[in-house]
Amino acid sequence: MTRPLDVASAPIRATVNVPGSKSIANRALVCAALADGVSHVRGCPDGDDTRAMIDGLTRLGATIVHQPDGGFTVSGHGGRIRGGVEVDALLAGTTSRFLTAVAALGSESSVVTGAERLRARPMAALHESLSRLGARIEALGEAGCLPVRVSRGDLRGGVVELPGDVSSQFVTALMLIAPLLDEGLSIRLTSPLVSRPYVAMTAAVMSTFGASGIAISDQTIEVAPDGYRAIDYEIEPDASSASYPLAAAAITAGDVAVPGLTARSLQGDSAFASLLESMGCVAVIDGDGTRVRGGASLRGIDVDMADVSDLVPTLAAVAAFADTPTHIRGVGFIRNKESDRLGDLAHGLRAIGCRTEVTNDGIVISPSVPESYHGAALATHHDHRLAMAWSLLALRVPGITLDDDSVVSKSWPEWWTVRASLVAGR
């Protein structure tokens, strides 16, 4: 649905409770489904990606029940996977990659598929790695893409080479099933690892579920065949989602707090407050949560965001209101996300009058005087992160409309209600 967006008439001051971490939830749900026994996973976000993960794991044999407290009980069977099913990941890239690996534990073949945009995203590195480890992988369309037929074959584990600069989700997918493989797993990285904090997050969640034999270095990732144990697990607030209200504080010279996103966060994206601090805000991250206070002006920065690439659209929206240019580096790989997150981002910024250039590995935002910006009809390209970034621009630029506001359901279905309350000062 097309949505016109209101401008904020005053600095935004609020305490915002954000959904649980989508990234942690996906990992915890897989670990719980592969454990032997009943786990309790609390704090899962209510987004399309999480629902797709729960549906896929259920089809593959886990019993997952939504509890009155909002959490889920997950009954796993020690890695015994039901085959002979079809798993539809919809638009969820993380879900499709993790569940392709999980489906490879099944004695009977399963089909993993997704929506048209997801079927165009590259999966070859994961499919080839699973094949080299002994799984049977059959492309049902274009090679290296979904849909794919998957079964265990002679999957036992061992050593596999994998490029680290394509997607950390491929690495994580293999890590998640490794404790169930007879020989464990040794991943030899043939190129530098991007989004390294996500791999560290994977190891932390796996360890909590009992898979403690994990070692990560610059060249190798080792996972021992420890298996998983059933536990109670609480998911922390989502740092990527928190970036939007925190950015609103920066853009409007306001004051926003996010409870629960503490200095102990497992998420690399929790560094966003520190990025805002380098642009001139005041950031406090402690045992209670994260708080950002915007200053009278913002300055541009030169930053490598390879480890926090989901934050690129959010930071770009803030950079549009800085006094000097911002150069974001190290993120060429985000052209293959839900959208072309460099090309489509630049196109939207130019549409409101902000000079923007795409480089080989990033983007340069050269802001104008905000009063010179003008409204525009902006396309979301089926990308929740672009939609929410455009909604940040609209805090100070009147006349911005979105072509499709429904895409936020992927990670934060309540975002439009939250944004309306922020603009209204409630």
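Residues numbered from 1 in each chain as written. Predicted model: local features only at pLDDT ≥ 70, side-chain atom pairs only at ≥ 80, totals over all residues. Heavy atoms only, no water.

A. Main features of the environment of Ile363. In this fold, Ile363 is placed in strand 21 (residues 363-366). The spacing of Ile363 and Gly332 is 31 residues in sequence and 8.9 Å in space, taken between C-alpha atoms. Apart from the residues within four sequence positions on either side, Ile363 is in contact with Thr326, His327, Ile328, Leu342, Leu345, Ala346, Thr356, Glu357 and Val358. (Helix = DSSP H or I, 4+ residues; strand = E, 2+ residues; numbered from the N terminus. Contact = heavy atoms within 4.5 Å.)

B. Representation of the pairing of strand 20 (residues 355-358). In this sheet, strand 21 lies alongside strand 20 in antiparallel orientation, the contact comprising 4 bridges. Bridge pairing in strand 21 places Val358 opposite Ile363. (Pairing = 2+ DSSP bridges.)

C. Molecular detail of the sheet that holds strand 10 (residues 158-162). Spatial strand order, 10-11-13-12: 4 strands in an open sheet with mixed pairing. Among the strands making up the open sheet, the edge pair consists of strand 10 and strand 12 (214-216). Between one strand axis and the next, the sheet turns by 10 degrees as a mean value, whatever way the strands run. Sheet topology note: the strand 11 (residues 185-189)/strand 13 (residues 220-223) ladder contains 4 bridges and is antiparallel. Directly across from Arg188, in strand 13, lies its bridge partner Thr220. Packed onto the sheet, helix 6 (residues 168-177) meets strand 10, strand 11, strand 12 and strand 13 and runs at close to 165 degrees relative to strand 11. (Axes fitted to C-alpha atoms, helices over the stretch in contact; angles between N-to-C directions.)

D. Spotlight on the sheet that holds strand 19 (residues 326-329). The 4 strands are arranged 18-19-21-20 in an open sheet whose pairing can be described as mixed. Each end of this open sheet is capped by a strand with a single partner; those strands are strand 18 (302-304) and strand 20. Across the sheet, the mean angle separating the axes of adjacent strands is 10 degrees when strand polarity is ignored. Here helix 10 (residues 312-319) sits on the sheet in contact with strand 18, strand 19 and strand 21, set at roughly 170 degrees to strand 19. Across the sheet, helix 11 (residues 343-351) lies against strand 20 and strand 21, angled at about 165 degrees from strand 20, the strand it touches most.

E. Structural detail: the state of the cysteines. Summed over all chains, the structure comprises 0 disulfides. The closest cysteine sulfur to the non-disulfide-bonded Cys281 is located on Cys354, 17 Å from its own sulfur. (Disulfide = S-S within 2.5 Å.)

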